[in-house]
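# Structural features, examined
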Amino acid sequence: MHRANRYFVTLVSAALLPAVFGTKAARAQANGSTNNIPGALPGIHLVSPVAAGQWTMPAGDYANTRYSPLDKINTGNVQNLHIAATMSTGIPHGHEGQPLVVNNTIYMVTPFPNNLIAYDITKPGMPQKWIFHPEPDNRAVGVACCDVVNRGASYADGKIIYNTLDDHTVAVDANTGHRVWETQVGDVKLGETTTMAPIVVRNMIFTGISGGELGVRGRLVALDLKSGKISWIAYSTGPDQDTRIGSGFKAFYPKDQGSDQGTKSWTPDQWKVGGGAVWGWISYDPELNLIYYGTGNAGVWNADMRPGDNRWSCTIWARDPETGMAKWAYQVVPHDSWDYDEIMENVLLDMPWKGQMRKLLLHPGRTGFVFVLDRETGEVLSAEKFEPINWANSYNLQTGQPDINKDKRTHFGRYATHICPSSTGAKDFIPSAFSPRTGMLYIPAHNTCMDYEGVAVNYIAGTPYLGASVRMYPGEGGYQGELVAWDVAKAKKAWSIKERELPVYSGVLATGGDLVFYGTMDGWFRAADAHSGKVLWQVKTASGIVGDPITFLGPDGKQYVAIYSGVGGWMGAAALPDVSTDDPYAALGVVGTMKQIKGMTQPGDLLYVFSF
Amino acid sequence: MYSASKRLTVFCLCLGSLACNAAPVLRVCADPNNLPYSDLQEKGFENRLATMIAGDLGMQVVYTWFPQRGSFFRKTLDAGKCDVVMGVPSGMRGIDTTAPYYRSGYVFVSRRDRNLNIASLDDPRLHQLRIGIHNLGDTDREAPPVHALTSRGIVSNLVGYNIFGSNLDETDPSSDLIKAVEKGEVDLALVWGPIAGYFARSSPVPLVVLPIEGDSSDPTLPLSFDIAAGVRKEDDMLKQQLDVELQRRRTEIQQLLVSYGIPQLSLPQARTAGY
């Protein structure tokens, strides 16, 4: 049945081809106008149009499935893929995020200084059309914690919208490459940066602020698409007025209820530098008209200095896009002691859950659990481990509370060993993908544990202190990373592809050709069979892959797959020249777990485009 | 004159002439806004120490300026952009340190007219007073005596001042905490000695600086630290040169520290190389 579906879709595509690419209306259709996915499992309903020829927003679609029904590249022919074009940015830093493809143009945002480059895919070799230089403030480089990355742009209303590292959201005319407007949404002087990809819903843009050592008050900012003016700001901490909680708010769990939890769950005044940075991904449900995103850890205070649950750090939010008023919130990790930012993607879909159709939100957490929530209410339907972790045993679905292992909490002077996951998490922000044809969520996962080995003398701003010396290493099983295929309905792992040496630090793409594409930190770009996990094709690119693959149709009707190759980012920092691998505690402890990376990859700056 | 260290770069200012007048350099990694230690105008005592030592060695000081926040060592010394950090705690992980040239400790700072005279972490008044501390900018960074307070349940009356300041444009951000004592925003501050001593001296309001007595509930908790110069692990030659200089000039260095108001504790007698 499966093969017949594919044949049918291919036949239909072939028949439509001349019509589809002749007209503007057809281009709009290729922009993902359908919700009915060929070959989808019974009952699975995707809630936003998927990327079926263009790639106009970071995750391809609002629901963050990173799924495309394109199937010209499929399990039968993927081994014939070869390089169609390569482009370089000239900036050897982490190339996170993904390009856009709109109107036969590839749009790429580079790492700092965040240039926007447009490539013409109608011409051989996809030459550069123009390059836009925003010229952001260099001081942002000194403030950014984890390499000078950028996670991409959105296209809307003839404009490419993205953030520069120095807290500006900029709109660039997609045809001419000229700036339309630019708005400052944060302040480098206060230690704020913006690395995330904004999304656009109707006439609203949403973006968030990344934290820093100066103690940043995390928040989500909404801007007007036409003018760039700020419409509202939803802070992650503070009184209900700041966090935009009002009469329409109902947290599902009693632990998250009550007024002004964003101040009351802190010792006085600490919420003012409370963290809750917003630097991950934003999803949108066009049917419920709600946006979803998660917040980061509880900021710069040592956990012992901020008793209380520290709301709303490590929280998943549902908000009305027009007003920003919260519908519900669920704090995933109360009183975080491990740096478990929960800014991961929230993948939206409807499917049968225990016999009943439910509106789901899938959140593969930093914490190592796949959370399945009802996205109407914030109820946790399931929380199962996707990596061998031990900071908590389980989540109580009645109370929403994690059952935390007390001996994995770390206090100054009393240090725990073998805490899994390490603070890099069982998964970082790098996004997963969902295939409605397999019902699986493909998760780029890490298997890293950490020992707090006691204290080491350290020094900051002319002040000595005892820093926790953290050593990270592969967890049980001896592998450092894996691509996990998670069967959503069964709430368990179906298969995985293990990486011995390095975490999987790239995003995933799932396609109608029943392929999943992802990359490794030492530069392999792979296609695996989405059902079985068998690796069908791989190519060694020039540098480690920390970006997210996309797929699109060219004007020639061919299907293309594209991926950045350029290692960096937090875990990839060890590969950058200015990090010594002699110090296992460097780069926030990450280097110890990655000391072999310098022998396995060098920095790079490429975009690879593959086709037949 | 020339250091045999592989890492020292020799600048050659040859403007068309055949003979280069190449001055050897001492490449120092320093914070451009961190008095009393250093600033861009080289008014800090570490700047003066670098100039003193370089002068003896016939070298010119060349600075790599970088704020001493989380990525400082990684981006300066480790990256090979400069070769010495003039002040680091002895035995700091990841770098090699000379023998220490001073020892200081965490102190309590208060207004003289309050007559608090608090020096012990066991003083019961600590539970009631508003105590200012430096927040070190990351959940894993905490001054050891702050831990002593939190372990005594003294948490909600702690007031944090981010050591990097509230704004990157601020000069002397670490002095915010001392100014808070002057203004009465806090009753007492718990600060690292050199920062307290230097800024307290120039306070318009008389301030008292008292070393914190050991933590009775955890005698092993370090409240004082030896400070040395730090170089990369393989840079033995430079370390030895610096050791010789720090010993030779110990009297002048003492005078320099006293002139900056650095509160000092006595260093242990043993001063062998490789301490």
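Every value quoted in this text rests on a predicted model; they were computed, and no experiment measured them. (Residues numbered from 1 in each chain as written. Chains lettered and ligands numbered in written order. Predicted model: local features only at pLDDT ≥ 70, side-chain atom pairs only at ≥ 80, totals over all residues. Heavy atoms only, no water.)

### Some thoughts on the side chain of T139(B)
Going by this rule: Note on conventions: DSSP H or I runs of at least 4 residues are helices, E runs of at least 2 residues are strands, and numbering of each starts at the N terminus. Here the term buried applies to any residue with accessible area under 20% of the maximum for its type, exposed to any over 50%, and partly exposed to those in between, with areas from a 1.4 Å probe on protein chains only. Throughout, a contact is declared for two residues whenever any of their heavy atoms are within 4.5 Å.
For T139(B), the location among the structural elements is in the loop between β8 (131-135) and α3 (144-150). A residue is classified by how much of its surface remains accessible, and T139(B), at 16% relative accessible area, is buried. Excluding anything up to four places from it in sequence, T139(B) contacts G299(A), V300(A), W301(A), N302(A), A303(A) and R306(A).

### Details of the confidence of the model for chain B
All names here are of chain B. Which entries qualify depends on this criterion: pLDDT expresses how confident the predictor is about each individual residue, on a scale running from 0 to 100.
The share of residues in chain B with pLDDT of 70 or more is 89%, and the mean pLDDT across the chain is 89. With pLDDT under 50 throughout, residues 1-20 is counted as low confidence; its partners more than four residues away or in other chains account for 29 contacts. With pLDDT under 50 throughout, residues 270-275 is counted as low confidence; its partners more than four residues away or in other chains account for 11 contacts.

### Brief notes about helix α5 (residues 193-201) of chain B
Of all 9 residues making up α5(B), 8 are buried, and the element is well covered by its neighbours. At its buried positions, α5(B) is contacted by β28 (463-474) of chain A together with β7 (102-111), β8, α4 (176-183), β10 (188-192) and β11 (207-211) of chain B.

### Considerations on the sheet that holds strand β35 (residues 550-553) of chain A
Residues and elements named next belong to chain A. Formally: Two strands make a pair as long as DSSP finds a minimum of two bridges between them. Here the axes come from fitting lines to C-alpha atoms, over the contacting stretch only for helices, and the angles between their N-to-C directions go from 0 to 180 degrees.
Here 4 strands make up an open sheet; going across it, the order is β2-β37-β36-β35 and the pairing antiparallel. In this open sheet, the two edge strands, each paired with only one partner strand, are β2 (82-88) and β35. Going from strand to strand, the sheet's axes swing by 25 degrees on average, the running direction of each strand aside. Bridge count for β2 against strand β37 (residues 606-611) is 6 bridges, and the pairing is antiparallel. Across the sheet, residue A85 finds its bridge partner in β37, namely V609.

### Side note on the pattern of salt bridges
Here is the rule we go by: We define a salt bridge as a side-chain nitrogen of Lys or Arg found within 4 Å of a carboxyl oxygen belonging to Asp or Glu.
Within this structure, the stated rule accounts for 48 salt bridges over all chains. Between D187(B) and R114(B) there is a salt bridge, with the nearest N and O atoms lying 3.0 Å from each other. Note that D187(B) is positioned in the loop between α4 and β10 and R114(B) in the loop between β7 and β8, a separation of 73 residues in sequence. A salt bridge links R249(B) to E252(B), with the nearest nitrogen and oxygen atoms 3.2 Å apart. A cluster of three or more residues bridged by salt bridges with shared partners is formed by D285(A), E287(A), D350(A), K359(A) and R375(A).

### With respect to the packing of aromatic side chains
Residues and elements named next belong to chain A. Heads up, the rule is: Only Phe, Tyr and Trp rings are paired, with Trp represented by its six-membered ring, and only when their centres lie within 6.5 Å; those with planes under 30 degrees apart are stacked, over 60 edge-to-face, the remainder tilted. Note on criteria: charge over ring means Lys NZ or Arg CZ within 6 Å of the ring centre, with the direction from the centre no more than 35 degrees off the ring normal.
Throughout the structure, instances matching the rule amount to 36 aromatic pairs over all chains. The interplanar angle of 45 degrees and the centroid separation of 5.9 Å between the aromatic rings of Y442 and W495 together place this pair among those described as tilted. With Y442 in strand β26 (residues 440-446) and W495 in strand β30 (residues 492-499), this pair connects stretches of sequence that are 53 residues apart. Looking at W495, the relative accessible area reads 11%, which means it is buried. The lysine or arginine in question, R66, covers the ring of W281, its NZ or CZ lying 4.7 Å from the ring centre. Directly above the ring of W317 sits R319, whose terminal nitrogen or CZ lies 4.1 Å from the centroid.

### Some thoughts on the nonpolar core
Stated precisely, the cut-off is as follows: Here, nonpolar core refers to any group of buried Ala, Val, Leu, Ile, Met, Phe, Trp, Tyr and Cys residues whose side-chain atoms link them within 4.5 Å.
Judged by nonpolar contacts, the single largest core of 93 residues is most densely connected at V84(B) and V109(B). If sequence neighbours within four positions are ignored, V84(B) has contacts with L26(B), R27(B), V28(B), C29(B), L77(B), A229(B), G230(B), V231(B), L238(B) and L242(B). Membership of the second largest hydrophobic core comes to 71 residues, among which are C314(A), L361(A), L483(A) and I497(A).

### Examining the sheet that holds strand β33 (residues 524-529) of chain A
Residues and elements named next belong to chain A. If you walk across this open sheet you meet the 5 strands as β1-β31-β32-β33-β34, and the pairing is mixed. The strands lining the two open edges of the sheet, one partner per strand, are β1 (67-68) and β34 (535-540). As judged from the 2 bridges shared by β1 and strand β31 (residues 509-511), these two strands associate in the parallel manner. Counterpart to S68 in the pairing with β31 is T511.

### Brief notes about the interface of chain B and chain A
Keep this limit in mind: What gets called buried area is simply the loss in accessible area from a 1.4 Å probe that two parts show on being joined, summed for both.
Across the boundary between the two partners, chain B contributes 50 residues, which contact 44 residues of chain A. Together, the buried faces of chain B and chain A total about 4300 Å²; carbon and sulfur atoms form 58% of this surface. When the buried area of chain B at its contact with chain A is split by residue, R74(B), R93(B) and T139(B) rank highest and sum to 17% of it. Counting across the interface, chain B meets chain A through 3 salt bridges.

### A word on unusual backbone geometry
Residue and element names in this part refer to chain A. Here the residue pair F112 and P113 is connected by a cis peptide bond, since its omega of 20 degrees sits within 30 degrees of zero. The linkage connecting C420 with the following residue, P421, adopts the cis geometry, with an omega of 0 degrees. Within the secondary structure, P421 is located in the loop between β24 (402-404) and β25 (433-435). Phi at C314 is positive, roughly 50 degrees, even though this residue is not glycine. With respect to the helices and strands, the residue C314 is situated in the loop between β16 (290-294) and β17 (315-319). With relative accessibility at 0%, the residue C314 sits in the buried group.

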